[in-house]
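Below are the chains, spelled out letter by letter.
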Amino acid sequence: MKNCGILLTLLFGICSKLQPCKAQLGIYIFLIAIGAVLALWSNPEFNIICMLFAFLAVVFGAMRWTLTQYALQIEKISVVNLVLFLSPSATIFTFIASLYVEKDRFVNYYNSLNNPSLASQFLEEFIIVSMCGGLFALLLLIVEFKLIHHTSALTTDVIAKVKDILLIGMAVIVYDEKLSITNIFGLLLVFCGILLFAKFKHNHQNNNNTILKMKSQKYEQVNSFDDDDDDDDIDDDNDNEQV
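Quick caveat: nothing in here was measured; it's all calculated off a predicted structure. (Residues numbered from 1 in each chain as written. Predicted model: local features only at pLDDT ≥ 70, side-chain atom pairs only at ≥ 80, totals over all residues. Heavy atoms only, no water.)

Thoughts on the overall build of the protein chain
- The number of helices and strands found in the protein chain is eight helices and zero strands.
- Element order for the protein chain, N to C, with α for helix and β for strand: α-α-α-α-α-α-α-α.
- Residues classed as buried in the protein chain amount to 23% of the 243 residues present.
- The contacts of the protein chain with a sequence gap of at least 6 include a subset with a gap of at least 24, amounting to 79%. (Helix = DSSP H or I, 4+ residues; strand = E, 2+ residues; numbered from the N terminus. Buried < 20%, exposed > 50% of the residue type's maximum accessible area, 1.4 Å probe, protein only. Contact = heavy atoms within 4.5 Å.)

Take a look at the structure:
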């Protein structure tokens, strides 16, 4: 379910006019999504409730990255300001969720207040884990925002598929995981889709640069014509004065 989120990122990008509505682009992204699903395919056990929550997470994630691109590229909000606006709300909701998920640990800490050694050990672990995790999460968020600012939400999602390929390769090398024919075929599809997407973006960028260059040349020609007209007017005025 998560690997199909790139399709929603493309859809939201087209609807918000952040991505071109091209058939080639849709085919390449569909190829990457299908390949990512096949690359991680095993024997899944489907659960309706889990699928529903996973689908909602994918939808909100795609909306989040699309709105982030809109804020950075259209509204011209800086990365630092965007992080400052998002961090308080993210911290509050994460803390509320942690109270539900980690409630047993909080209860154990409350019960261990009578034992100073256990209480101090719990506090040390909590501070180390939260500070290190929060620092790495903040750095990751800044890097993602920088990528979206200079490229797009869709390109960032495609780069995430490259990360998935690297993780699968590390799992095979480090943990001696076995890949099926379906997984290998999926990896090939993802790799081909990424190459085609990179070629498409390169050609699209070249076309945009060519159009901008042609517009600038036309503007310069118009200005030169206006300057010639001004010179002719000045010459006519001088002739009239002499007469």
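Now that the structure is up, let's keep going.
A word on the packing of helix H1 (residues 5–15) against helix H7 (residues 153–174)
- Where H1 contacts H7, the two axes come as close as 9 Å, and the packing angle between them is 165°. It follows from the interaxial angle that H1 and H7 lie roughly antiparallel. As H1 packs across H7, the resulting crossing turns out to be left-handed. Of the residues in H7, those in contact with Gly5, Ile6, Thr9 and Leu10 of H1 are Ala153, Leu154, Asp157, Val158 and Lys161. (Axes fitted to C-alpha atoms, helices over the stretch in contact; angles between N-to-C directions. Parallel < 35°, antiparallel > 145°, perpendicular 65-115°, else oblique. Left-handed = near helix turned anticlockwise from the far one by under 90°.)

Description of the packing of aromatic side chains
- Counted by the stated rule, this structure contains two aromatic pairs.
- For the pair Tyr28 and Phe200, a centre-to-centre distance of 6.4 Å together with 75° between the ring planes defines the contact as edge-to-face. Pair noted here: Tyr28 is in helix H2 (residues 23–39) and Phe200 is in helix H8 (residues 181–242), with a separation of 172 residues, a long-range link. Just as Tyr28 is buried, Phe200 falls in that class too.
- Note that Arg64 overlies the ring of Trp65, its terminal NZ or CZ placed 4.5 Å from the centroid. (Phe/Tyr/Trp six-rings, centres within 6.5 Å; stacked < 30°, edge-to-face > 60°. Lys NZ or Arg CZ within 6 Å of the ring centre and 35° of its normal.)

Here we look at a nonpolar patch on the surface
- A cluster of nonpolar side chains, Ile49, Leu52, Phe53, Phe55, Leu56, Phe60, Met63 and Leu67, forms an exposed patch at the surface whose accessible area comes to about 830 Å².
- Mapping Phe55 onto the fold places it in helix H3 (residues 48–74). (Patch = residues over 30% accessible without salt bridge, like charges linked within 9 Å, V, L, I, M, F, W, Y side chains within 5 Å. Areas by Shrake-Rupley, 256 points an atom, 1.4 Å probe, with all protein chains shown as cover. Salt bridge = Lys/Arg side-chain N within 4 Å of Asp/Glu carboxyl O.)

Observations regarding the side chain of Thr9
- Here Thr9 lies in helix H1.
- Setting aside residues up to four positions removed in sequence, Thr9 forms contacts with Ala62, Thr66, Ala153, Leu154 and Asp157.

What to know about the pattern of salt bridges
- Counted by the stated rule, this structure contains one salt bridge.
- Between Lys178 and Asp176 there is a salt bridge, with its nearest N and O atoms 3.5 Å apart. Like Lys178, the residue Asp176 is exposed in the burial classification.

Some remarks on the packing of H1 against H3
- Close contact between H1 and H3 brings their axes to 9 Å; oriented N to C, the two are set at 45°. Here H3 runs oblique to H1, going by the angle between their axes. Viewed along their axes, H1 and H3 form a crossing whose handedness is right-handed. Counted together, Gly5, Leu8, Thr9, Phe12 and Gly13 of H1 and Val58, Val59, Ala62, Met63 and Thr66 of H3 form the full contact between these two elements.

Points about the side chain of Thr155
- When you line up the elements, Thr155 lands in helix H7.
- Taking relative accessible area as the criterion, Thr155 reaches 13% and is therefore assigned buried.
- Those residues in contact with Thr155 that sit more than four places away from it in its chain are Phe197 and Lys201.

As for H2
- For H2, with 17 residues, the first-to-last C-alpha span of 24 Å sits near the 24 Å given by 1.5 Å per residue.
- Along H2, the residues that are buried comprise Leu25, Tyr28, Ile29, Ile32, Ala33, Gly35, Ala36 and Ala39. Relative to the axis of H2, the buried residues are bounded by an arc of 165° and lie together on one face. Within H2, the exposed residues directed more than 90 degrees away from the buried face are Ala23 and Ile27. (Expected span 1.5 Å × (residues − 1). Arc of directions from axis to C-beta.)

Side note on unusual backbone geometry
- The backbone of Lys17 shows a phi angle near 60°, a positive value even though the residue is not glycine.
- Position of Lys17 among the secondary structure elements: in the loop between H1 and H2.

Description of H3
- Across its 27 residues, H3 extends 38 Å between first and last C-alpha, which sits within 8% of the 39 Å expected from 1.5 Å per residue.
- Residues Val58, Val59, Ala62, Trp65, Thr66, Thr68, Gln69, Ala71 and Leu72 constitute the buried set of H3.
- After H3 finishes, the residue Lys76 shows a positive phi value of roughly 60°.

Observations concerning the confidence of the model for the protein chain
- On average, residues of the protein chain score 80 in pLDDT, and 82% of them reach the 70 mark or higher.
- For the protein chain, the element scoring lowest by mean pLDDT is H8, at 70; H1 scores highest, at 90.
- In the predicted structure, residues 238–243 sits below a pLDDT of 50 and forms zero contacts with residues beyond four places in sequence or in another chain. (pLDDT = per-residue confidence, 0-100.)

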